[in-house]
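Single-letter residue listing:
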Amino acid sequence: MIDLRSDTVTRPTPAMLEAMMQAAVGDDVYGEDPTVSALEEKTARLFGMEAGLFCPSGTMTNQIAIKAFTQPGDEVICDRLSHIYNYEGGGIAFNSSASVRLLHGDRGRFTAVDVQENINDDNIHYPRTTLVALENTVNKGGGCYYQPGQIEQIYQVCKANGIALHLDGARIFNALAETGEDPATYGRHFTSISVCLSKGLGTPVGSVLVGSYALIQKSKRLRKVFGGGWRQAGYLAAAGIYALDHHVQRLKEDHRRAKILGKMLLDQPFVTGVLPVETNIVIFSLPSAETTQRVLDHWRSRNILAAAFGKNSIRLVTHLGFDNAQMDQFADVLKKMKVPAPDAS
Ligand SMILES: *Cc1c(COP(=O)(O)O)cnc(C)c1O
């Protein structure tokens, strides 16, 4: 199977599994798992933050941050394409009883001016704006990323207004691989960052929330309330440490393959458009929901899995399980599809 539905589908490599097997573990709810502590410290250091908290999912790290920075009725500024708004089960309302101000950015990326214009004045009629959350890269934006400097401007606006700035960094290493920014310098512009280990980095489970000591103390309590306090999680943390050491440098390969996929798709008669491919995500549109289903079915019959993304779009995500041989196989399937187009109607 060539599975391009998501970069979450990867299995641990033999070397990663070996690192997991060797992990020293303890009860992390008692703060006694040395490998979890090492991962948290390593991730925090990497992004120039004071402390970290290892959690079972990126949804949990995002939701903990939202809960930590808001009171019921407060407002969170985020883009309408953001994961926290679209794909976390309404968690902003469910967990934090917070209100949302949706920005209409450029493929999910907004500017400092957008933020400035959407901060509510201090007036009893309005919700208090207490948090800005941005995503980098933007999943629903086709894996696009912010240019260096843009985020610093957003940070300055947040700082001037006493508002926290959270980064949903499910694919932060994909963004940094392209801009070449140093994570420690980059991290300075955020109050908190959710760093995902189970997407492009290829671990089985987990994200680390990084921020100040005070934030992480508070977050530890929230993680417990959310049911995310875990015990011998060091086996999973070991995979994270391994991934930070060995799987960050290779992300550009995923980007290179995604760009080639994007180019190949542009030539297909059933493709009406491809979002610019900037990192490891390729989103393309098709003329109808029916064509979309036909293409997915045809690919499935040829052992290729892709994800429907809305009615008329398909998303492909490259990852460490997708190699050159699979790429050739995919190219071959595409070539044979050209004539006739799968849906002439
Ligand atoms: C996958 C993803 C998350 C959530 O990660 P889970 O570990 O699946 O909960 C958050 N944000 C973005 C942009 C994602 O793609």
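Preceding this paragraph is the structure being described.
The model shown is predicted, which means the values in this text are computed figures rather than measured ones.

### What to know about the site of the ligand
- Near the ligand the following residues occur: Ser57, Gly58, Thr59, Asn62, His83, Glu88, Glu135, Asn139, Asp168, Ala170, Arg171 and Lys199.
- At 3.0 Å from an oxygen atom of the ligand is found a side-chain nitrogen or oxygen belonging to Arg171.
- Protein chains shield 84% of the accessible area of the ligand, which is 380 Å² for the free molecule.
- Among the elements that take part in the shell around the ligand, helix H3 (residues 58-69) stands out by supplying three residues, more than any other.
- Class assignment for the residues of the shell around the ligand results in one nonpolar, six polar and five charged.

### Let's talk about the pairing of strand S10 (residues 281-285)
- Among the five residues that make up S10, four are buried, leaving the element largely enclosed by the rest of the structure.
- Across two bridges, the pairing between strand S9 (residues 273-274) and S10 is antiparallel. Each residue of the ladder has a partner; that of Gly273, found in S10, is Ser285.
- Where S10 lies against strand S13 (residues 313-317), five bridges are found, and the strand directions are antiparallel. Residue Val282 lies in a different strand from S13, and its bridge partner there is Leu316.

### Observations regarding unusual backbone geometry
- Cis geometry is adopted by the peptide bond preceding Thr137, which originates at Asn136 and carries an omega value of -5°.
- By secondary structure assignment, the location of Thr137 is in the loop between strand S5 (129-135) and helix H7 (150-160).
- Phi at Ser97 takes a positive value of approximately 50°, unusual for a residue other than glycine.
- With a relative accessible area of 43%, Ser97 lands in the partly exposed category.
- Non-glycine residue Arg107 carries a positive phi angle of around 50°.
- Structurally, the position occupied by Arg107 is in the loop between strand S4 (99-103) and helix H6 (112-118).

Cut-offs applied
- Residues numbered from 1 in each chain as written.
- Predicted model: local features only at pLDDT ≥ 70, side-chain atom pairs only at ≥ 80, totals over all residues.
- Heavy atoms only, no water.
- Near = heavy atom within 4 Å.
- Polar contact = N/O pair within 3.5 Å; in protein donor to acceptor, adjacent residues only side chain to side chain.
- Areas by Shrake-Rupley, 256 points an atom, 1.4 Å probe, with all protein chains shown as cover.
- Helix = DSSP H or I, 4+ residues; strand = E, 2+ residues; numbered from the N terminus.
- Nonpolar A, V, L, I, M, F, W, Y, C, P; charged D, E, K, R; others polar.
- Buried < 20%, exposed > 50% of the residue type's maximum accessible area, 1.4 Å probe, protein only.
- Pairing = 2+ DSSP bridges.

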